[in-house]
Amino acid sequence: MKILFYHKDSPRISSSYGKCAREMWINRVSKHPKYRGDIAGYATVPATMYHDEMEGVRIYSNGGGDVMRGEDFLLPNYRDWKSDVYFTLMDPHIFDQTIKFARQGLINWVPHIPIDYYPIPPYVYAKLSSAMMVVATTKWGENILKYDPVSKEKKLDNVWGHIHLGIDKNLFKPSGDSKADIRKEYEGTLKSLHAKEDSFIITIVANNQIRKPFPEWLKSIQWFRESNPDVDVRLYIHSQQNIRDQWPLSEHASFFKLDDITRFADTYEYGTWRCYTDDVLSKIYGISDAVLIPALEGFSMPVIESMASGTIPIGLDVGPQKELMDPICPEFLVGVGSWVMNPDLRGKAIPNEKDIVDKLNKIANCDQDHYLKKLSSYAHKNFDWDDCIMPKFYKLLEDVESELDRRCVKIPEINTKEKISILK
Amino acid sequence: MKIAWLQDLPLNAGIGSGAEANDERMIQYGRCKLNHVIDVIIPTNPMVKRLDKYDLRIVSNCVRFNPLILQGIPKPYVVFHHDFWHCKYRAYYPKTDKCKGCVYAPRWKELYLGSVLNIFLSPLHLKVNAFVIPELNNHPHAFVPSPIDANKFKPNKNVKIKKDTVMGLNCLYEFKGSKKVIGYIKKHKKLKFDLYGADPDIEIDLPKNAEFKGFVDNAILPDIMQQYEYFIHFPQNEAFCRAVVEFLLANHKGKLICTKENIGALSYDIYTKGKIDRNKLHDLVSNAPKQFWSEIDKKLR
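It should be emphasised that the depicted structure is a prediction, and the values quoted were computed from it without experimental measurement. (Residues numbered from 1 in each chain as written. Chains lettered and ligands numbered in written order. Predicted model: local features only at pLDDT ≥ 70, side-chain atom pairs only at ≥ 80, totals over all residues. Heavy atoms only, no water.)

## Some words on the interface of chain B and chain A
For clarity, the cut-off: Here a residue-residue contact requires only that any non-hydrogen atoms of the pair lie within 4.5 Å. Throughout this description, the term salt bridge denotes a Lys or Arg side-chain nitrogen within 4 Å of a carboxyl oxygen of Asp or Glu. We call two N or O atoms a polar contact when they sit within 3.5 Å, provided that within protein one can donate a hydrogen and the other can accept it, with sequence-adjacent residues counted only if both atoms are side-chain atoms. Helix and strand definitions follow DSSP, with helices as H or I runs of at least four residues and strands as E runs of at least two, each counted in order from the N terminus. Gly counts as polar in this scheme, as do all residues outside two lists: the nonpolar Ala, Val, Leu, Ile, Met, Phe, Trp, Tyr, Cys and Pro, and the charged Asp, Glu, Lys and Arg. Two strands are counted as paired when DSSP detects at least two bridges linking them.
Contacts between the two partners involve 27 residues from chain B, matched on the other side by 19 residues from chain A. The interface formed by chain B and chain A includes 1 salt bridge. Across the pair Asp405 of chain A and Lys98 of chain B runs a salt bridge, and its minimum N-O distance is 3.1 Å. Applying the counting rule to chain B against chain A returns 5 residue pairs in polar contact (both at pLDDT 80 or more). Counting only elements with at least two residues in the side of chain B that touches chain A, the list comes to helix H5 (178–187), strand S11 (255–258) and strand S13 (275–276) of chain B. It is S11 of chain B that contributes the most residues to the side of chain B that touches chain A, 4 residues altogether. When its residues are assigned to classes, the side of chain B that touches chain A shows 13 nonpolar, 4 polar and 10 charged. In this sheet, S11 of chain B lies alongside strand S19 (residues 421–423) of chain A in antiparallel orientation, the contact comprising 3 bridges.

## A short note on a negative patch on the surface
To be explicit about the condition: Put simply, a patch holds well-exposed residues, over 30% relative accessible area, that have no salt bridge, with like charges counted together within 9 Å and Val, Leu, Ile, Met, Phe, Trp or Tyr side chains within 5 Å. Surface exposure here means Shrake-Rupley accessible area, sampled with a 1.4 Å probe, where a residue is shielded only by the protein chains that are shown. Neither His nor the chain ends contribute to the count of charged residues, in which Lys and Arg are positive and Asp and Glu negative. Positions of charges follow a simple convention, taking NZ of Lys, CZ of Arg, CG of Asp or CD of Glu.
A cluster of like negative charges, contributed by Asp177, Asp181, Glu185, Asp367 and Asp369 of chain A, occupies part of the molecular surface. Its place among the elements puts Asp369 of chain A in helix H15 (residues 368–383).

## A look at the domain arrangement of chain B
All names here are of chain B. Formally: Domain limits in this description derive from either an automatic procedure or a database domain assignment. Note on definitions: buried area is the accessible-area loss of two parts on being combined, 1.4 Å probe, summed for both.
One can read the domain layout of chain B as domain 1 (2–148 + 287–300) and domain 2 (162–285). Counting residues at the interface gives 25 residues for domain 1 and 20 residues for domain 2. Around 1,800 Å² of area is buried between domain 1 and domain 2 when both sides are counted, 58% of it from carbon and sulfur atoms. There are 0 salt bridges connecting domain 1 and domain 2. For the interface between domain 1 and domain 2, the tally reads 8 residue pairs in polar contact (both at pLDDT 80 or more). Contributions of two or more residues to the side of domain 1 that touches domain 2 are made by helix H1 (18–32), helix H4 (123–132) and helix H9 (288–300). Here the element with the most residues in the side of domain 1 that touches domain 2 is H4; it accounts for 4 residues. Taken together, the residues of the side of domain 1 that touches domain 2 break down into 17 nonpolar, 7 polar and 1 charged.

## So, the sheet that holds strand S15 (residues 312–316) of chain A
Residues and elements named next belong to chain A. Sheet architecture is open: 6 strands sit in the order S13-S12-S11-S14-S15-S16, paired in parallel fashion. The open sheet has two edge strands, strand S13 (262–264) and strand S16 (333–334), and neither has a second partner. The pairing of strand S11 (residues 200–204) with strand S12 (residues 233–237) spans 5 bridges and is parallel. Its bridge partner lying in S12, Thr203 is registered against Tyr236.

## Some points on the sheet that holds strand S4 (residues 57–60) of chain A
All names here are of chain A. To be explicit about the condition: Structural elements are reduced to axes, namely lines fitted to C-alpha atoms, with helices fitted over the stretch in contact, and the angle between N-to-C directions of any two is expressed from 0 to 180 degrees.
The mixed open sheet is built from 8 strands, whose spatial order is S3-S4-S2-S1-S5-S6-S7-S10. With partners counted over all chains shown, the strands left at the sheet margins are strand S3 (52–54) and strand S10 (159–162), one partner each. Each strand of the sheet is rotated relative to its neighbour by a mean of 25 degrees, with strand direction disregarded. Taken together, the 5 bridges between strand S1 (residues 3–9) and strand S5 (residues 85–89) define a ladder with parallel strand orientation. Among the inter-strand pairings, Leu4 is bridged to a residue of S5, identified as Tyr86. Against the sheet, helix H1 (residues 16–26) touches S1, strand S2 (39–45), S3, S4, S5 and strand S6 (109–113), its axis set at about 155 degrees to S1. Against the sheet, helix H5 (residues 139–146) contacts S6, strand S7 (134–136) and S10, and its axis sits at roughly 155 degrees relative to S10.

## Examining the packing of helix H12 (residues 301–308) of chain A against H15 of chain A
Residues and elements named next belong to chain A. The line we're drawing: Note on terminology: angles under 35 degrees are roughly parallel, angles over 145 are roughly antiparallel, angles of 65 to 115 are roughly perpendicular, and the others are oblique.
Orientation of H12 relative to H15, taken along the N-to-C sense of each, is 125 degrees, at an axis distance of 7 Å. The orientation of H12 relative to H15 falls into the category oblique. Here Ile304, Met307 and Ala308 of H12 come into contact with H15, specifically with Leu375, Ser376, Tyr378, Ala379, His380 and Phe383. A per-class count over the contact of H12 with H15 returns 7 nonpolar, 2 polar and no charged.

## Re the domain arrangement of chain A
Residue and element names in this part refer to chain A. For chain A, the assigned domains read domain 1 (3–166 + 385–423) and domain 2 (179–383). Averaged C-alpha coordinates put domain 1 and domain 2 at centres separated by 31 Å. Where domain 1 abuts domain 2, roughly 2,400 Å² becomes buried across the two surfaces, and 58% of that area is made up of carbon and sulfur atoms. The largest per-residue losses of area from domain 1 upon contact with domain 2 belong to Lys19, Asp116 and Trp140, which jointly make up 22% of the total buried on that side. Our count for the domain 1 to domain 2 interface comes out at 4 salt bridges. Here Asp278 and Lys19 are joined by a salt bridge, their closest N and O atoms 3.2 Å apart. Counting the contacts that link domain 1 with domain 2 gives 12 residue pairs in polar contact (both at pLDDT 80 or more). If you list the elements that add at least two residues to the side of domain 1 that touches domain 2, you get S1, H1, H5 and helix H16 (385–406). The greatest single-element share of the side of domain 1 that touches domain 2, amounting to 4 residues, is contributed by H1. Of the residues belonging to the side of domain 1 that touches domain 2, the class tally is 14 nonpolar, 9 polar and 7 charged.

As structure tokens, this is what we get:
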């Protein structure tokens, strides 16, 4: 089975999309004896005119054109690789040409999709009906793809199930038995954040996008800081400060009177690729007291990464973050303050700021070491790429192969048993 | 009667194959002998959206049409089967176990069973379709062979048959049984095989007793066919198979080396005392256009 995979970001980038492309396809599927040599990628961010290769896996260029969807060169790449199937990890509502090609039977499309809105607008269901199989990143996503609770209607019948995204348990793990030990071990990291051993470090790991509720998060931290004047609060935002058309985060930090305690990943490249590797990120998680990311996310890798590193995440009591945290630390889920509807009917949840302050207070006053092992062993047991995620992913690949066979993607073997006769 | 004839390819474009040749003969007969007004409608014709303006619709090869057009086709309509549309690989690969749960069949099943009549090219043609869609056995159907100009394909007593020679036509295509043909050639070294037809575009290592002769014009085909003692043909499944019938008509002494149960034409009752009766075969294909329209007429009456 020849596979072309497409993740929104290149596997060289440490965004969730890029990271998954690297961990799933480059590091694992392409090295699996059954699939070796049959995997190729298609990168969109960064846009490039040139073909690339990563650990022997070909990465097709997107021609430097449509960087958001990567659809301009989909068909030539799909055909060049003689692909049987096209896997994507990307928001489904963005796709346009992909849907057309899938409907025409030119590609066999398997979208692995993060759903970061609620409810799902009708046009997204319509687009996804063109896929051969739909795979959600969460059980929550799977459920609303199959059944729309708003219209109370059955929806897609091509949903395979869900596959979570994962972590490498050898990388994201606590380096000591207590927070104090970890901070001692990662003293350099602590200093780089201008924090002391007794500082209360809040970390936000989220790309700077307008859809993420940065103002609500920062406002909550301001309130928490003001209500705890004796606590040395430090904030690290693992994101770029200012991106065109996104939040002017440094101005926001200043507006919420947090600029004196805030550090950023200096540029997008630093935040996601060149400098801050997962190794560095795991240290930052390790020394943090709280990882603050309550939002309606498509999956929310920082939640499982912080848990694996032994740090308490603060998530949203709706959608994927609830699914990930509910079984182990529901006490740190934040309620929804309000719902905002995008013009294209994709609803976004805004977290309740006061609830965030409550959770921060709770963490400041709890025995964090109690959570350290509990959270990391839970995350390792449920989200490790090798132990938990990939077995399910290989099962998906097997099912895709059966479906391709059912659809006769390859010419069935010719029956040559018929008797030869000579007729006069 | 005003008739819409739905067809993937324009009939006079010279890009079609047997199916278009069949259609052309049927349409010619309908127009000239029966005075029907027949519009050939290809997928890009704007009249695809005005099919209700016709008294009857004949759905011929239609895989390139928008499925919605076929779903909403006004009644009455007749389905004129050529290959096996529901099969992704058309005529060549049905009859595997998974065909019974074919993912492509439901869309076509609806079309077939909504028609007033399904016209198949042979009893085998129905049998293979019904393997996937068993309901077809009980739905109104008729068998109409491919029309062949029997006056063109007739024996010539002056031509001497070359002994131990075998002719093949397009048999190097995989779906026409190329592997089996090559195996047969290797086993029968005393026979000399001349293989005609279009280039199959793949590397085939022909045994020494075989020669690839390439494409020949249809006009000289009867003269070539008359020279051979045998004609070899091992298709996977062929709804009718004009080439076999043309050989039998052009060469009364010629013999067929074939997989009989895969050739639609040989599934008709054309045998007398175990031998193929050329007269029966002649009548069968000569009357095809007339029979085609009379079957439709019977159903609509």
